[in-house]
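A look at the structure
So the chains spell out like this:
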Amino acid sequence: MKKLFVFVPAIVLVLFLLNSFVLKEKEAKKTLVKKGKSSDIASIIFKSDDGGQTWQDISKGLPEKLQREGVWREGLMATDNGLYLRAGDGVYHSEPNSTTSFWTKETFPGKQRNITAGKNGIFAYDFRGQFLQKINGTNDWTPMYTNFQEQAVRLDPTIDWMYKNYKARQVCSVFETAQGTVFIGAGNSLFRSADKGKTWERVQIGGGLMKLIESEGVLLAIDKEGILRSTDEGQNWDRAISEGGYGIAIERIDGGFAAIVNNTITKTNTIHISQDNGKTWNTIGEDLQPSWSHLFMRKVGLVKSSSDILSIKQMGKYLLCGRADGIFRSADMGKTWQKLSLPAIENFGFNLSVSGNVMYILPNKGC
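About the criteria used
- Residues numbered from 1 in each chain as written.
- Predicted model: local features only at pLDDT ≥ 70, side-chain atom pairs only at ≥ 80, totals over all residues.
- Heavy atoms only, no water.
- Pairing = 2+ DSSP bridges.
- Helix = DSSP H or I, 4+ residues; strand = E, 2+ residues; numbered from the N terminus.
- Axes fitted to C-alpha atoms, helices over the stretch in contact; angles between N-to-C directions.
- pLDDT = per-residue confidence, 0-100.
- Contact = heavy atoms within 4.5 Å.
- Phe/Tyr/Trp six-rings, centres within 6.5 Å; stacked < 30°, edge-to-face > 60°.
- Buried < 20%, exposed > 50% of the residue type's maximum accessible area, 1.4 Å probe, protein only.
- Lys NZ or Arg CZ within 6 Å of the ring centre and 35° of its normal.
- Polar contact = N/O pair within 3.5 Å; in protein donor to acceptor, adjacent residues only side chain to side chain.

Things to note about the sheet that holds strand E5 (residues 90-94)
- Within the open sheet, the 4 strands sit side by side as E3-E4-E5-E6. Their pairing is antiparallel. Each having just a single partner strand, strand E3 (76-79) and strand E6 (104-107) make up the two edges of the open sheet. Taking each pair of neighbouring strands and ignoring which way they run, the sheet shows an average axis angle of 20 degrees.
- One ladder, built from 4 bridges, connects E3 with strand E4 (residues 82-87); its direction is antiparallel. Bridged to threonine 79 within E4 is glycine 82.

A few points about the confidence of the model for the protein chain
- Considering every residue of the protein chain, the mean pLDDT works out to 83; 79% of them sit at 70 or more.
- At the low end of the mean pLDDT range in the protein chain sits helix H1 (residues 2-36), at 43; at the high end sits strand E10 (residues 142-144), at 97.
- Across residues 1-8, confidence stays below pLDDT 50; counting only partners more than four residues off in sequence or on other chains, it has 1 contact.
- Note on residues 20-41: pLDDT is under 50 here. Beyond four places in sequence and across chains, it has 16 contacts.

Overview of the packing of aromatic side chains
- Tallied over the entire structure, the rule returns 10 aromatic pairs.
- Ring plane angle 90 degrees and centroid distance 6.2 Å describe the contact between phenylalanine 131 and phenylalanine 148, whose orientation is recorded as edge-to-face. Taken as a pair, phenylalanine 131 in strand E9 (residues 131-135) and phenylalanine 148 in helix H3 (residues 148-155) lie far apart in primary sequence, 17 residues in all.
- Where phenylalanine 148 meets phenylalanine 191, the ring centres are 5.4 Å apart and the plane angle is 85 degrees; that geometry is what we call edge-to-face. Residue phenylalanine 148 is found in helix H3, and its partner phenylalanine 191 is found in strand E13 (residues 189-193); the two are separated by 43 residues along the sequence. Each member of the pair, phenylalanine 148 together with phenylalanine 191, is buried.
- Through pairs of rings, three or more aromatic residues link up here, namely Phe123, Tyr125, Phe131, Tyr145, Phe148, Phe191 and Trp200.
- The side chain of lysine 167 reaches across the aromatic face of tyrosine 163, ending 5.3 Å from its centre.

Structural notes on unusual backbone geometry
- Residues other than glycine seldom take positive phi values, yet glutamate 216 does so here, at roughly 50 degrees.
- One can find glutamate 216 in the loop between strand E15 (212-215) and strand E16 (218-223).
- Here asparagine 277, not a glycine, exhibits a phi torsion of approximately 60 degrees, which is positive.

Some words on the environment of leucine 310
- As for its placement among the helices and strands, leucine 310 is situated in strand E23 (residues 309-315).
- Along the primary structure leucine 310 and asparagine 351 are separated by 41 residues, whereas in three dimensions their C-alpha atoms are 8.7 Å apart.
- Beyond its immediate sequence surroundings of up to four residues, leucine 310 is in contact with Ile248, Ala249, Ile260, Asn269, Gly322, Arg323 and Ala324.

Some thoughts on the environment of serine 59
- With respect to the secondary-structure elements, serine 59 resides in the loop between strand E2 (56-57) and helix H2 (64-69).
- What makes serine 59 buried here is its relative accessible area of 2%.
- Measuring from C-alpha to C-alpha, the distance between serine 59 and isoleucine 45 comes to 5.3 Å, with 14 residues separating the pair along the chain.
- In this structure the side chain of serine 59 is engaged in a polar contact, spanning 2.8 Å, whose partner is the side chain of aspartate 57.

Description of the pairing of E5
- Counting buried residues in E5 gives 5 out of 5 residues, a clear majority hidden from the surface.
- Here E5 shows no split at all, with Gly90, Tyr92 and Ser94 on one side and Val91 and His93 on the other all buried.
- Sheet topology note: the E4/E5 ladder contains 5 bridges and is antiparallel. Residue pairing in the sheet places alanine 87 in a bridge with glycine 90 of E5.
- Hairpin connection from E4 to E5: 2 residues lie between these consecutive antiparallel strands, with glycine 88 at a positive phi of about 60 degrees.
- Relative to E6, E5 is paired through 4 bridges, and the arrangement is antiparallel. The residue bridging glycine 90 from the neighbouring strand is threonine 107, located in E6.

As structure tokens, this is what we get:
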């Protein structure tokens, strides 16, 4: 009976502390929202060229509607030439070494929202598989892969909502290797073309986003079971990482790759790095994992915010890791991490991009 009287107050104390934590989180969110009502709400893109110590707002010059609603996730691309943004009726470009907030606009001929870098230029595409490409050094956008959907439906006869409504496969990614092989992730399949899109073959039935990345002839792909790896230009694939859940992100780093996958046992996202082009992998970032109390509170519905690891990049000597509650920096390949000070603005997490030694962050406004 005495043990019971001791146990009950302990539970009450835990619930009191958890409730206090929730109230503090709500008050913090109210403060952010209140600040967000100022003119600073238009600030959507920030830049740092000193490793995240200071930030410059470079949003000026972008469409007002975009500043209110935020950036379409696949409409942003960072390369060695700077940052590209697809919005409204144009493509906007900011130079990486620009000392002022300056964007150049190029009128865009279609409605494709997604952009990505190819071997010789920029691809633009939509979920229906309508592709455009602008070759480097030219001003024209040319239709590409106009026969893809016809072949994809024949190779993958699945009857889903996309087929019923559009007689097509839903496109989620396009990627071109250094040798010119093209991959399109569509539906639950990965399609490959070695002849510039004239003919296509179905090479992997993994499902999920099927995003790809390449380093020194080695390809990695995200699917719903983790990370796949290919060493023969994507003709054959082997499982590289699997923790029971889906792949979150893949990036190139010195000597190989970094990957984030969902672990179905711990219910968290974990970081893996390889410095031998994906042959072997090490798990890092254990101190970035959500605390047990946060996981418990999220499970029982006391908090809705997430502190899952969502992105990883390399910028010079640093690894950068993005979570919904902040961005962290490591100078020792993930052994220790430092949380960066970020602009005080209403957000639901930050999207992270890197171009050379310049870092860009975009507050996620929840749209």
